[in-house]
Amino acid sequence: MDLRLYLVSGDVPLGSDLIDVLEQAALGGAATIQLRLKGASPAERVRRAAEAAERLAPIGTTFVVNDDIDAALAVEGAGLHVGPDDLHPAAAREALGPDRVIGWSLHDLAQLDDAEALAASDYLAVSPVWPTPTKPDTTAPWGLDGVRRLRDAVPPEVPLLAIGGIDATNAASVIDAGADGICVVSAICAAPDPYGAAIGLRRVVDAALDER
Ligand code: 3NM
């Protein structure tokens, strides 16, 4: 599991196909990709998840679905990302077994008292680092200080990712603050060239990780 550049799917430019965008991002270095389809029906989520997983499998991408245990169960090998108001990570682990990737969003420091959730999670995500127009209804932003505080508080063996307002201009600061990888939506999905955008982001993240 390579979490350095983690793409969460979002709106793509008119005329682009979402699955093509995910494939281009994967080829450019987004080694983990989460399918997040707000407003889609359960059947549509399963159908798109199967399609994305099939396209990404030859590239070796780790594939995760957002907050939909049925879609994760329906697609062989798919992981699941949940937030604190969603299915509990321990319940997700029980349903999915030991080998699937499970991620959990951190909105509140008190979540770190939940040892069962931590034990069930393969990574945690600082949610959000900065406010973002992509998801206006987030909880209060952590900022870079929040990333530092969480990195100090989260067990060192648990990868800490960060999401919200991250692009090539500020990705290095998030890594410098202690994140082990970045999650982005618009920096890749809204880019005219998702492949080039992923290559550029990976270059920034890899350089910042190398310097730590
Ligand atoms: N989740 P962008 S922020 C999908 O805070 C999502 O949990 C968030 O989009 C959270 O990279 C977010 O375009 C959107 O800022 C991030």
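The paragraphs below set out a description of the structure included in this document. This is a predicted model, so every value here is computed, not measured.

So, on to the site of the ligand. Taken together, 13 residues form the shell around the ligand, and within it Ser127, Thr132, Thr134, Gly165 and Ser186 come nearest. One of the side-chain N or O atoms of Thr132 is found 2.6 Å from an oxygen atom in the ligand. Within the backbone of Val185, one N or O atom sits 2.8 Å away from an oxygen atom of the ligand. If the ligand stood free it would expose 420 Å²; the protein chains cover 95% of that surface.

Put simply, helix 1 (residues 18–28) and helix 2 (residues 42–56) touch, their axes get as near as 10 Å, and they point 35° apart. Judged by the sense of rotation from one axis to the other, the crossing of helix 1 with helix 2 is right-handed. The segment helix 1 lies against helix 2, with Leu18, Ile19, Asp20, Leu22, Glu23 and Ala26 engaging Arg48, Glu51, Ala52, Arg55 and Leu56. For the contact of helix 1 with helix 2, the residue count by class is 6 nonpolar, no polar and 5 charged.

Residue Pro128 follows Ser127 across a cis peptide bond; omega there is -10°. Considering the arrangement of structural elements, one finds Pro128 in the loop between strand 6 (123–126) and helix 6 (143–153). Within the chain, Asp67 stands out as a residue other than glycine whose phi angle is a positive 45°. Its place among the elements puts Asp67 in the loop between strand 3 (62–66) and helix 3 (69–74). You can call Asp67 partly exposed: its relative accessible area is 32%.

Reading the values: rules and limits
- Residues numbered from 1 in each chain as written.
- Predicted model: local features only at pLDDT ≥ 70, side-chain atom pairs only at ≥ 80, totals over all residues.
- Heavy atoms only, no water.
- Near = heavy atom within 4 Å.
- Polar contact = N/O pair within 3.5 Å; in protein donor to acceptor, adjacent residues only side chain to side chain.
- Areas by Shrake-Rupley, 256 points an atom, 1.4 Å probe, with all protein chains shown as cover.
- Axes fitted to C-alpha atoms, helices over the stretch in contact; angles between N-to-C directions.
- Helix = DSSP H or I, 4+ residues; strand = E, 2+ residues; numbered from the N terminus.
- Left-handed = near helix turned anticlockwise from the far one by under 90°.
- Contact = heavy atoms within 4.5 Å.
- Nonpolar A, V, L, I, M, F, W, Y, C, P; charged D, E, K, R; others polar.
- Buried < 20%, exposed > 50% of the residue type's maximum accessible area, 1.4 Å probe, protein only.

These figures capture arrangement, not role.
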